[in-house]
Amino acid sequence: MATLEMDQNKVDRSALKLELTRVIRASRARVYEAWTRPEILQKWHAPGDMNFVSATLDVREGGTYEVLSQGMMCAKEGMTDEERKRQVAVRGQYLRVIPNELLQFTWNGSWAPTETSMVTVFLRDVEGGTEIRLQHEQLATESSRDGHGMGWESLFGKLATALEG
């Protein structure tokens, strides 16, 4: 007789994902450019109170990217303001690129160097603009999923301001 024991502490990473959908009042081509051109990315790609520093983007399948931001990170218990004030990087590789339709890339933040997840951005025309559907999958923990959700919400707000203003 065989017995199977499940480790209750193990988390199914495939289940840890988030999905956000927003409509931006801009053309699909303009929204795609906002994700793929550093001069537009700099207007919105820094979450919360952080500031954009630089971006290097090689937007092609197999190409890599790096986006640097600096400012105050979310407070963790016991962190001083000086510890929260720092520069962070997001790096990854483009897995799929369909201009004006889809971007899929790995995501690795310097604040969690052992966690590599995957982001897929779907773009489609809708009445009044472009629908962005973002899926962020393979997150390591529930707190990572929740933190990324807050970050993406902030970024989507900044993206709308940058493109609709």
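Our subject is the structure that appears above.
Residue positions within a chain follow its written sequence, with the count starting from 1. Selection of residues for local features in this predicted model requires a pLDDT of at least 70, selection of side-chain atom pairs for listing and counting requires 80 or more, and totals for whole chains, interfaces and linings are taken over all residues. To get the side-chain values, all heavy atoms of the structure are used, and hydrogens and water are removed first.

## Let's talk about the pattern of salt bridges
Worth spelling out the cut-off: Criterion for a salt bridge: a side-chain nitrogen of Lys or Arg within 4 Å of a carboxyl oxygen of Asp or Glu. Under the scheme used here, helices are H or I runs from DSSP no shorter than 4 residues and strands are E runs no shorter than 2 residues, and both carry numbers assigned from the N terminus. Exposure categories follow from relative accessible area, calculated using a 1.4 Å probe and restricted to protein chains: below 20% of the type maximum is buried, above 50% is exposed, and the middle band is partly exposed.
In total, this model carries eleven salt bridges according to the counting rule given. A salt bridge links glutamate 153 to arginine 22; the nearest nitrogen and oxygen atoms lie 2.3 Å apart. Taken as a pair, glutamate 153 in helix α4 (residues 142–164) and arginine 22 in strand β1 (residues 18–24) lie far apart in primary sequence, 131 residues in all. The exposure class assigned to arginine 22 is partly exposed, which follows from its relative accessible area of 28%. For the salt bridge of aspartate 146 with arginine 145, the shortest nitrogen-to-oxygen distance reads 3.1 Å. Taking the relative accessible area as the measure of exposure, aspartate 146 reaches 44% and is therefore partly exposed. For arginine 145, a relative accessible area of 23% corresponds to the partly exposed category.

## Topic: the nonpolar core
Soluble, globular proteins show a tendency: their nonpolar side chains are buried together. The test is simple: Grouping buried Ala, Val, Leu, Ile, Met, Phe, Trp, Tyr and Cys residues that are joined through side-chain atoms within 4.5 Å yields what is termed a nonpolar core. For this analysis, residues touch if any pair of their heavy atoms sits within 4.5 Å.
Judged by nonpolar contacts, the single largest core of 38 residues is most densely connected at Trp35, Phe105, Val121, Ile132 and Trp152. Ranked by the residues each element gives to this core, the list is headed by α4, at six residues. Excluding anything up to four places from it in sequence, isoleucine 132 contacts Leu20, Thr21, Arg22, Ile24, Val31, Trp35, Val121, Phe122, Leu123, Phe156 and Leu159.

## Some thoughts on the packing of aromatic side chains
As a reminder, the rule being used: Pairing of aromatic rings covers Phe, Tyr and Trp, the last through its six-membered ring, and needs centres within 6.5 Å; plane angles under 30 degrees mean stacked, over 60 mean edge-to-face, and all others mean tilted.
For the structure shown, the criterion picks out seven aromatic pairs. Ring geometry for tyrosine 65 against phenylalanine 105: centres 5.4 Å apart, planes inclined by 80 degrees, an arrangement best described as edge-to-face. You can see tyrosine 65 sitting in strand β3 (residues 64–72) and its partner phenylalanine 105 sitting in strand β5 (residues 102–109), a full 40 residues away along the chain. Given a relative accessible area of 7%, tyrosine 65 falls into the buried group. Of the residues examined, phenylalanine 105 reaches a relative accessible area of 5% and is grouped as buried. Measuring from centroid to centroid gives 6.0 Å for tyrosine 94 and phenylalanine 105, while their planes differ by 70 degrees, and the two rings are edge-to-face. In this pair, tyrosine 94 sits in strand β4 (residues 85–98) while phenylalanine 105 sits in strand β5, placing the two residues eleven residues apart along the sequence.

## Observations concerning the side chain of threonine 130
To keep things clear, this is the line we draw: Under this definition, polar contacts are N or O atom pairs within 3.5 Å; protein pairs additionally need one hydrogen-donor-capable and one acceptor-capable atom, and for neighbouring residues in sequence, both atoms have to be side-chain atoms.
With respect to the element layout, threonine 130 can be found in strand β7 (residues 129–137). For threonine 130, the side chain forms a polar contact with the main-chain oxygen of alanine 26, separated by 2.7 Å. Once residues lying within four places of it in the same chain are set aside, the contact partners of threonine 130 are Arg22, Val23, Ile24, Ala26, Ser27, Arg28, Val31, Leu123 and Arg124.

## Description of unusual backbone geometry
In this structure, asparagine 100 is a non-glycine residue whose phi angle is positive, near 65 degrees. Position of asparagine 100 among the secondary structure elements: in the loop between β4 and β5. Taking relative accessible area as the criterion, asparagine 100 reaches 27% and is therefore assigned partly exposed. Here glutamine 138, not a glycine, exhibits a phi torsion of approximately 65 degrees, which is positive.

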